[in-house]
Amino acid sequence: MRERGLVLSLLVLVGVNILNFYDRQAPGALAEPMRREFGLTDADLGLMGSAFIWLYALVGVPLGYLADRWSRKKLLALGIFVWTSLTAMGGFASSFSMLLVSRLGVGVGEAVAAPAGTSWLGDLFVSGQRARALSLFMLGVPIGQALSMFFSGPIAQAYGWRSAMVFAALPAILLLPAVLMLREPKRGSSEARPLAHAQEGSMWEVLRIPTLWWIIASGVFLNFNMYAIGSFLPAFLSRIHGLSVAKAGLASGSVYLIGGVTGGLLAGMAGDRIVRGHRNGRMLLAAAIALAGAPMSWAGIILPAGSLLAAVVLLACSYATMNSYYGLVYSSIQDIVPPAKRGTAMAIYFMLMYLCGASMGPFLTGHLSDTMARRAATAAGSNVITEVFRATGLQQAMVIIPVLSIVLALVLWAGSRTIVRDMDRREVGLQAAAAAATSPAAS
């Protein structure tokens, strides 16, 4: 009976994360028709993604703090209602400003998903099972992105991009009741020793953990790349390889689905296995995988028109290496942070890495694309930035992705050098808290 409850809870939470990233990714799939209707630049498209992330990051900290103290079930349900309602409202925007405001509202709602969901899973699964559980939860990233591409592009081509935005909100009709039917676990219920009330305290205590700073830095570089890809991959495939909106959506969805699911599943299984023999194994494995992904992304980006299949295969392999990060690194956060502070730790992690990295990915990549397009036009002696120059600019701008993958690998390796000490400190803290809770003086 308990196993059935675990599976049901995991499936519903995965469903929440799939919808989370489906709705988040929808504007990326619809970037080209939005650009043409509102007369936008690539920097404008990037700003829409970055503004979403700025607000998402800022409201995430108080919401993560709330996730450690209030019902995570109610918080998730409220978040789903808010973000899906605002996603649908985006389909009725009559200007870029209205569209931007709707995306800010989506950011507020979606900010509850990761802190509440990962904290919930940390209380459902013991340490040796968490990499797989969190990898499955984070499959919501590639599956949600893939489904958004598979549906949003073809719907936009057939009925317009506004209909695609409204369609993105409809799954909430089924998902909201499913979340409310779940039984929320007690905080600390998966730990070997009981969770003591004494573990509470300042929300900033988690920032005294050295490894967490390396993990935050890794999130900066990983999510710069992920959000740059999410904002511009369909446009890249349209401009470089001549695909329609629908075909670019299907090709992008294949990259996310095949690469993301494969990378996430394999990394989750490997992470739970490697940690049995090497306590810092998850971080080391994440570093090695990130390094392996750099040449694949570089090759997939620079291939010329006419190399669509090779480009999609290479980009899918590269995306697999990026998506392997979540199960390996998120389970490492659970290993160094006490149970009572998991929601807070994830919220702080998201705030800092989003503000410093993910929020910059769409805007800076778009700005760099515009700059390189102008440079290409100038070099050709043209005063007009044609679609050909826009294609060249975007391709050159996206080369930043493999460069940052190398930096990501170095940061993860540095984190592997400190994590064992931080795991030991966490264990000592849990033992002291448990001893204090069971001492005669405490009773």
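One structure accompanies this document, and this report is about it. Because the structure is a prediction, the values reported are computed rather than measured.

### What about empty space enclosed by the protein?
The full count for this structure, using the stated rule, is six cavities of 30 Å³ or more. The space that makes up the largest cavity amounts to roughly 380 Å³. The wall of the largest cavity is formed by 29 residues, among which Arg 24, Gln 25, Phe 52, Tyr 227 and Ser 231 lie closest to the centre. In the lining of the largest cavity, the residues fall into 18 nonpolar, nine polar and two charged. For the second largest cavity, the calculated volume is near 70 Å³. Lining of the second largest cavity is provided by Ile 229, Leu 233, Val 255, Ser 297, Ile 301, Leu 315, Ser 318, Tyr 319, Met 322, Met 398 and Ile 401. Among the elements of the structure, α11 (210-241), α13 (281-302) and α14 (308-336) are those that each provide at least two residues to the lining of the second largest cavity. Residue contributions to the lining of the second largest cavity peak at four residues, all from α14. Per-class residue counts for the lining of the second largest cavity are nine nonpolar, two polar and no charged.

### Describing the packing of α13 against α14
At a minimum axis distance of 8 Å, the contact between α13 and α14 shows a crossing angle of 160°. Judged by the inter-axis angle, α13 sits roughly antiparallel to α14. Viewed along their axes, α13 and α14 form a crossing whose handedness is left-handed. The segment α13 lies against α14, with Arg 282, Met 283, Leu 285, Ala 286, Ile 289, Gly 293, Met 296, Ser 297, Ala 299, Gly 300 and Ile 301 engaging Ala 311, Leu 314, Leu 315, Cys 317, Ser 318, Thr 321, Ser 324, Leu 328, Val 329, Ser 331, Ser 332 and Asp 335.

### Digging into the packing of aromatic side chains
Throughout the structure, instances matching the rule amount to 10 aromatic pairs. When the centroid spacing of 5.8 Å and the interplanar angle of 90° are considered together, the rings of Tyr 325 and Tyr 326 count as edge-to-face. Judged by its relative accessible area of 3%, Tyr 325 is buried. With relative accessibility at 3%, the residue Tyr 326 sits in the buried group. By the ring-pair criterion, three or more aromatic residues cluster together here, those being Phe 52, Tyr 56, Tyr 227 and Tyr 354. Above the ring of Phe 21, the side-chain terminus of Arg 24 is found at 4.2 Å from the ring centroid.

### Thoughts on the nonpolar core
What tends to happen in soluble globular proteins is that the nonpolar side chains get buried as a cluster. By size, the foremost hydrophobic cluster in this structure holds 112 residues, and its most contacted members are Ile 80, Phe 236, Tyr 325, Tyr 330, Tyr 349, Tyr 354 and Leu 412. The element contributing the most residues to this core is α11, with 15 residues. Not counting residues up to four positions away in its chain, the partners in contact with Ile 80 are Val 16, Leu 19, Ala 172, Leu 175, Leu 176 and Val 179. Membership of the second largest hydrophobic core comes to 18 residues, among which are Ala 26, Phe 38, Leu 40 and Met 48.

### Section: helix α10 (residues 172-181)
Among all positions of α10, only Ala 172, Leu 175, Leu 176 and Val 179 are buried. Summarising the axial view, the buried residues of α10 lie within an arc of 100°, below the 170-degree limit, and thus occupy one face. With respect to the buried face of α10, the exposed residues turned more than 90 degrees away are Ile 173, Leu 174 and Met 181.

Criteria and cut-off values
Residues numbered from 1 in each chain as written. Predicted model: local features only at pLDDT ≥ 70, side-chain atom pairs only at ≥ 80, totals over all residues. Heavy atoms only, no water. 1 Å grid on protein atoms, 1.4 Å probe; cavity = no way out; pocket = protein on both sides within 12 Å on 5 of 7 lines; lining within 4 Å. Points joined across faces, edges and corners; volume = space filled by probe spheres on them. Nonpolar A, V, L, I, M, F, W, Y, C, P; charged D, E, K, R; others polar. Helix = DSSP H or I, 4+ residues; strand = E, 2+ residues; numbered from the N terminus. Axes fitted to C-alpha atoms, helices over the stretch in contact; angles between N-to-C directions. Parallel < 35°, antiparallel > 145°, perpendicular 65-115°, else oblique. Left-handed = near helix turned anticlockwise from the far one by under 90°. Contact = heavy atoms within 4.5 Å. Phe/Tyr/Trp six-rings, centres within 6.5 Å; stacked < 30°, edge-to-face > 60°. Buried < 20%, exposed > 50% of the residue type's maximum accessible area, 1.4 Å probe, protein only. Lys NZ or Arg CZ within 6 Å of the ring centre and 35° of its normal. Core = buried A, V, L, I, M, F, W, Y, C linked by side-chain atoms within 4.5 Å. Arc of directions from axis to C-beta.

Geometric values such as these leave the question of function open.
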